[in-house]
Amino acid sequence: RAGFTTISPDRRIQAIIIAWLFGCFIEGASGFGTPAAIAAPLLVAVGFPAMAAVLMGMLVQSTPVSFGAVGTPIVVGVNSGLDTATIGAQLVAQGSSWDIFLQQITSSVATTHAIVGTVMPLIMVVMLTRFFGKEKSWKAGFEVLPFAIFAGLAFTLPYVATGVFLGPEFPSLLGGLLGLAIVTTAARFNFLTPKKTWDFADPKEWPAEWLGTVEMKLEDMTARPMSAFRAWLPYVLVGLILVISRVFPEVSSALKSVSIAFGNILGETGIGASIEPLFLPGGILVAVVMITFFLHGMRASELKAAVKESSSVLLSAGFVLLFTVPMVRILINSGVNGADLASMPIVMARYVADSVGGIYPLLAPSVGALGAFLAGSNTVSNMMFSQFQFG
């Protein structure tokens, strides 16, 4: 946090670096709304009105979200939301495989998001200057156009590359990490930055509705002094270990060798499930937490406090999954029955296909949006509607 405050006095540059790049990185690392919870208070601490900080935090919940929490919307959402057994068998018959199919989904999502994501920093800055500037000017936002597009590309190019070549765990995490390194260095050397610095009006002139009730002080948020390298090292380790575990088959096989499997759930149904705790991104995150305890010279009480705080966040964000995952699995596996009836998502899909026919692609995005609206989660939306969309 402390490292961001001295990069540039221009509020537009601060918004791009803290909200966009740092926010994308945090989304890639932990997802479930954490960019707004982490980036927005930091923006308030460096002098943003609370409402402007929240707006920036909300706008960043776009491009990186489908690969948030180390790819959870794809790794868990799509894997759980599609009938992998049936589709996998069809793919094998066609000379393909489930892994290839999932990678095609990842590549398509990364490419589509990157096209839109390249202009997202500009949209954020234009909204900032128009609604929170002294002159209420769109023009002040467009003054930062070259730097905003540069910042967009600094995230989206590695985002697409890692999505296409490495898989769903990496785009937002590594895109944000590499983008931060590139853009913060560029900002320090005033590369493409506007010559005229832009700032808000005096805080005394801010309308009451811009202000929050919580006061953020930077010194309270950066109370543990350490070098930037040491502070970032845990995140770099997460990226490195993830890459090694996915790129090297020997490492992948060793981590996957530890598996907890459940077969014939609910009797002789043929329905099964398995979990590989060491290979899953969550297992790697926990391993890095253990390493960080020693890297940062933490005390046991500090680790306990961190685990307590993150557990409460985990429970509140993951609570909905306790009900959604079983519901989705029942919907998908409802096709396993003695009457040879199709599963519920397929029956719904057939009804919609018969009703709207060839124009369905125009309606498909609103189905995904509906899922996100109902559950507040891209992961849950994918679980609820992937099989329906596929059908």
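Note that the structure is predicted; figures quoted are calculated from it, not measured. (Residues numbered from 1 in each chain as written. Predicted model: local features only at pLDDT ≥ 70, side-chain atom pairs only at ≥ 80, totals over all residues. Heavy atoms only, no water.)

1. Details of the pattern of salt bridges
Turning to step 1, where the next piece is worked out: Applying the stated criterion across every chain, the model contains 5 salt bridges.
Turning to step 2, where the next piece is worked out: Measuring nitrogen to oxygen at the nearest pair gives 3.0 Å for the salt bridge that ties Glu143 to Arg12. Here Arg12 lies in helix H1 (residues 11–29) and Glu143 lies in the loop between helix H8 (139–142) and helix H9 (145–165), a separation of 131 residues in the sequence.
Turning to step 3, where the next piece is worked out: The class of Arg12 is buried, set by a relative accessible area of 0%.
Turning to step 4, where the next piece is worked out: In the salt-bridge network here, residues are joined through shared partners; they are Asp10, Arg12 and Glu143. (Salt bridge = Lys/Arg side-chain N within 4 Å of Asp/Glu carboxyl O. Helix = DSSP H or I, 4+ residues; strand = E, 2+ residues; numbered from the N terminus. Buried < 20%, exposed > 50% of the residue type's maximum accessible area, 1.4 Å probe, protein only.)

2. Notes on empty space enclosed by the protein
Unoccupied space between atoms shows up once a probe the size of one water molecule is rolled over them.
Turning to step 1, where the next piece is worked out: In this structure the tally under the stated criterion is 1 cavity of 30 Å³ or more.
Turning to step 2, where the next piece is worked out: Phe4, Ile7, Ser8, Ile13, Gln14, Ile17 and Ile18 are the residues that line the largest cavity.
Turning to step 3, where the next piece is worked out: Among the residues forming the lining of the largest cavity, the class breakdown is 5 nonpolar, 2 polar and no charged. (1 Å grid on protein atoms, 1.4 Å probe; cavity = no way out; pocket = protein on both sides within 12 Å on 5 of 7 lines; lining within 4 Å. Points joined across faces, edges and corners; volume = space filled by probe spheres on them. Nonpolar A, V, L, I, M, F, W, Y, C, P; charged D, E, K, R; others polar.)

3. Some thoughts on unusual backbone geometry
Turning to step 1, where the next piece is worked out: At Leu192, a position not held by glycine, the phi torsion is positive, near 65°.
Turning to step 2, where the next piece is worked out: Within the secondary structure, Leu192 is located in the loop between helix H10 (171–188) and helix H11 (218–221).
Turning to step 3, where the next piece is worked out: A relative accessible area of 38% means that Leu192 is categorised as partly exposed.
Turning to step 4, where the next piece is worked out: Even without a glycine there, the phi angle at Asp340 is positive, about 60°.
Turning to step 5, where the next piece is worked out: Note on placement: Asp340 falls in the loop between helix H15 (300–333) and helix H16 (344–356).
Turning to step 6, where the next piece is worked out: Judged by its relative accessible area of 71%, Asp340 falls in the exposed class.

4. A short note on the packing of helix H12 (residues 228–247) against helix H14 (residues 281–295)
Turning to step 1, where the next piece is worked out: Where H12 contacts H14, the two axes come as close as 10 Å, and the packing angle between them is 145°. The chirality of how H12 crosses H14 is right-handed. The residues of H14 that touch H12, namely those facing Arg230, Leu233, Pro234, Leu237, Val238, Ile241, Leu242, Ser245 and Arg246, are Pro281, Ile284, Leu285, Val288, Ile291, Thr292 and Leu295.
Turning to step 2, where the next piece is worked out: For the contact of H12 with H14, the per-class residue count stands at 12 nonpolar, 2 polar and 2 charged. (Axes fitted to C-alpha atoms, helices over the stretch in contact; angles between N-to-C directions. Left-handed = near helix turned anticlockwise from the far one by under 90°. Contact = heavy atoms within 4.5 Å.)

5. Thoughts on the packing of aromatic side chains
Turning to step 1, where the next piece is worked out: Counting across every chain of the model gives 20 aromatic pairs.
Turning to step 2, where the next piece is worked out: Their ring planes at 80° and their centres at 6.2 Å tell us that Phe22 and Trp232 sit as a pair that is edge-to-face. Remark: Trp232 occurs in helix H12 and Phe22 occurs in helix H1; sequence separation between them is 210 residues.
Turning to step 3, where the next piece is worked out: Judged by its relative accessible area of 8%, Phe22 is buried.
Turning to step 4, where the next piece is worked out: Relative to Trp210, the ring of Trp206 has its centre 6.4 Å away and its plane inclined at 45°; by these criteria the two rings are tilted. Grouping residues by exposure puts Trp206 and Trp210 together as buried.
Turning to step 5, where the next piece is worked out: Through successive ring pairs, a cluster of aromatic residues spans Phe48, Phe132, Trp198, Phe200, Trp206 and Trp210.
Turning to step 6, where the next piece is worked out: Sitting over the face of the ring of Phe279, Arg246 holds its NZ or CZ atom 3.9 Å from the ring centroid.
Turning to step 7, where the next piece is worked out: In this arrangement the basic side chain of Lys256 is found over the ring face of Phe279, its NZ or CZ atom lying 4.7 Å from the centre. (Phe/Tyr/Trp six-rings, centres within 6.5 Å; stacked < 30°, edge-to-face > 60°. Lys NZ or Arg CZ within 6 Å of the ring centre and 35° of its normal.)

6. A look at the layout of surface pockets
Turning to step 1, where the next piece is worked out: Approximately 900 Å³ is the volume found for the second largest pocket.
Turning to step 2, where the next piece is worked out: For the second largest pocket, the lining is made up of 33 residues, of which Ser66, Gly368, Asn378, Ser381 and Asn382 are closest to its centre.
Turning to step 3, where the next piece is worked out: Broken down by secondary-structure element, the contributors of at least two residues to the lining of the second largest pocket are helix H4 (68–81), helix H6 (98–117), helix H17 (360–375) and helix H18 (378–390).
Turning to step 4, where the next piece is worked out: If you tally residues by element for the lining of the second largest pocket, the top one is H18, at 8 residues.
Turning to step 5, where the next piece is worked out: Classifying every residue of the lining of the second largest pocket by side-chain character gives 17 nonpolar, 15 polar and 1 charged.

7. Digging into the nonpolar core
Turning to step 1, where the next piece is worked out: Residues Phe4, Ile17, Trp20, Phe48 and Leu128 are the most contacted members of the largest nonpolar core, which totals 68 residues.
Turning to step 2, where the next piece is worked out: Tallying contributions element by element places H1 first for this core, with 13 residues.
Turning to step 3, where the next piece is worked out: Other than its neighbours up to four places away in sequence, Phe4 contacts Ile17, Ile18, Phe22, Leu42, Leu180 and Trp232.
Turning to step 4, where the next piece is worked out: Of all hydrophobic cores here, the second largest spans 12 residues; its members include Val352, Ala364, Val367 and Met383. (Core = buried A, V, L, I, M, F, W, Y, C linked by side-chain atoms within 4.5 Å.)

8. Brief notes about the packing of H1 against H10
Turning to step 1, where the next piece is worked out: At a closest axis distance of 7 Å, the pairing of H1 and H10 adopts a crossing angle of 160°. Between H1 and H10, the interaxial angle falls into the category roughly antiparallel. At the point where H1 passes H10, the crossing takes the left-handed sense. Here H1 contributes Ile13, Ile17, Leu21, Phe22, Cys24, Phe25, Gly28 and Ala29 to the contact with H10, which in turn contributes Ser172, Leu173, Gly176, Leu177, Gly179, Leu180, Val183, Thr184 and Ala187.
Turning to step 2, where the next piece is worked out: Across the contact of H1 with H10, the residue classes break down as 12 nonpolar, 5 polar and no charged. (Parallel < 35°, antiparallel > 145°, perpendicular 65-115°, else oblique.)

9. Description of the side chain of Thr72
Turning to step 1, where the next piece is worked out: Examined against the element boundaries, Thr72 turns out to sit in helix H4.
Turning to step 2, where the next piece is worked out: Each residue touching Thr72, except ones within four places of it in the same chain, is listed here: Gly77 and Thr379.

10. Description of the environment of Thr184
Turning to step 1, where the next piece is worked out: Summarising the element assignment, Thr184 is placed in helix H10.
Turning to step 2, where the next piece is worked out: Between the C-alpha atoms of Thr184 and Tyr351, which are 167 residues apart in sequence, the distance is 51 Å.
Turning to step 3, where the next piece is worked out: Among all residues touching Thr184, those that are not within four sequence positions of it are Ile7 and Ile17.
Turning to step 4, where the next piece is worked out: At a separation of 2.5 Å, a polar atom in the side chain of Thr184 contacts the main-chain carbonyl oxygen of Leu180. (Polar contact = N/O pair within 3.5 Å; in protein donor to acceptor, adjacent residues only side chain to side chain.)

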